[in-house]
Amino acid sequence: MKPRFIDIHAHILPGLDDGAETIEDSIELARIAESNGVAIIIATPHSYDHNYEGSGFAEEVCAAAEYTQECINEAGINVKLLTGMEIFADRDTPRLLRSGDLLPLAGTRYALTEFSFDEEPIWVTDVLRETIAAGYIPVIAHPERYNYVRENPGIAYNWVRGGCLLQINRGSLIGRFGPDARSTALRLLRHGLVSFTATDAHSPVARTTTMSDAYAELKSLLGSAAAEELTCTNAIKLIRGEIITLPNARPFYSGTEIF
């Protein structure tokens, strides 16, 4: 299979978080990715335990990525790793991005951000607005899993209108996180609000780096052009630091205006 996918959210680096535990896990995740047509993975370990200035975690992530890439290459696997973090965002996030203590995706202005599933949406919106004001573009990880987005997807529309991008999980799309996550993911997709689908992979056994099933589901729902955009084209633009637009974004008329 010719590689055609780019995974912007995967916990492939060994021993840094609740993702890959060993380098053997990392190699197997890369092997699964290659077999599913994934050419590039942005490694995004969680930052919530390291969200403070001078922790050295950014350097640790970069060193782990370099080592993991060497091991992947030695195993004969044709997958390229780039660095990032899944940032558990708060009001310090803009400052820590500027200082280099937090890593955006692939060295760009795009920052993968997550929040508590039960957070106050107004507070989340304030953090996102401050991150944008600092010159970064939040890529909100798995919004379909947040309770407040499930209850009112208009919140997600307002985030996009305010300058954020959305990344849904492959597992949500294919029903691995239950009917509510899938239903919300489909609503966001049908309203043109999603820019990326990624694996959020954590292990070679469960939540893997498989992308082909997500692509097939997207193709059946939205057509091949949209499926390609959500699994590759927009990610290429992200890596290049280019602007990503959502020309077909539509509001939810019952949604609450927050931005």
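Here, every reference points to the structure presented above.
Structural notes, computed from the coordinates. (Residues numbered from 1 in each chain as written. Predicted model: local features only at pLDDT ≥ 70, side-chain atom pairs only at ≥ 80, totals over all residues. Heavy atoms only, no water.)

Here we come to the overall build of the chain. Within the chain, the regular secondary structure consists of ten helices and eight strands. When the backbone C-alpha atoms are referred to their principal axes, the chain occupies close to 55 × 45 × 30 Å. In the chain, 78% of the contacts between residues at least 6 apart in sequence involve partners at least 24 apart. Roughly 10,600 Å² of accessible area belongs to the chain as shown, and the carbon and sulfur atoms make up 48% of that amount. Computed over 22 positive and 35 negative side-chain charges, the inter-centroid distance for the chain is 11 Å. (Helix = DSSP H or I, 4+ residues; strand = E, 2+ residues; numbered from the N terminus. Contact = heavy atoms within 4.5 Å. Areas by Shrake-Rupley, 256 points an atom, 1.4 Å probe, with all protein chains shown as cover. Lys, Arg positive; Asp, Glu negative; His and termini not counted. Charge placed at Lys NZ, Arg CZ, Asp CG, Glu CD.)

The subject of this paragraph is the sheet that holds strand S4 (residues 87-88). With parallel pairing, five strands are arranged side by side in an open sheet as S4-S5-S6-S7-S8. The open sheet has two free edges, formed respectively by S4 and strand S8 (196-198), since each of these has just one partner strand. Here strand S7 (residues 165-169) pairs with S8 via three bridges, running parallel. Bridge pairing in S8 links Asn 169 to Ala 198. (Pairing = 2+ DSSP bridges.)

The strand order S1-S2-S3 describes an open sheet built from three strands, whose pairing is parallel. Only two strands of the sheet have a single partner each, and these edge strands are strand S1 (5-10) and strand S3 (80-83). Strand after strand, the sheet turns through a mean of 25 degrees between neighbouring axes, direction not considered. Both S1 and strand S2 (residues 38-43) contribute to a ladder of four bridges, which runs parallel. Bridge pairing in S2 places Phe 5 opposite Val 38. (Axes fitted to C-alpha atoms, helices over the stretch in contact; angles between N-to-C directions.)

With that settled, consider the environment of Phe 196. Along the chain, Phe 196 falls in strand S8. A sequence separation of 33 residues divides Phe 196 from Glu 229, and the C-alpha atoms of the two residues are 7.7 Å apart. Residues within four places of Phe 196 in sequence aside, it is in contact with Ile 8, Val 139, Leu 165, Leu 166, Gln 167, Ile 168, Leu 230, Asn 234, Ala 235, Leu 238 and Ile 244.

A word on the pattern of salt bridges. Under the defined criterion, the tally for this structure stands at nine salt bridges. Across the pair Arg 95 and Glu 53 runs a salt bridge whose closest N-O atoms are separated by 2.5 Å. In this pair, Arg 95 is assigned in helix H3 (residues 93-99) and Glu 53 in the loop between S2 and helix H2 (57-74), connecting sequence segments 42 residues apart. Arg 95 sits in the partly exposed class, given a relative accessible area of 37%. Here the salt bridges do not stand alone but share partners, grouping Arg 91, Asp 126, Arg 129 and Glu 130 into one network. (Salt bridge = Lys/Arg side-chain N within 4 Å of Asp/Glu carboxyl O. Buried < 20%, exposed > 50% of the residue type's maximum accessible area, 1.4 Å probe, protein only.)

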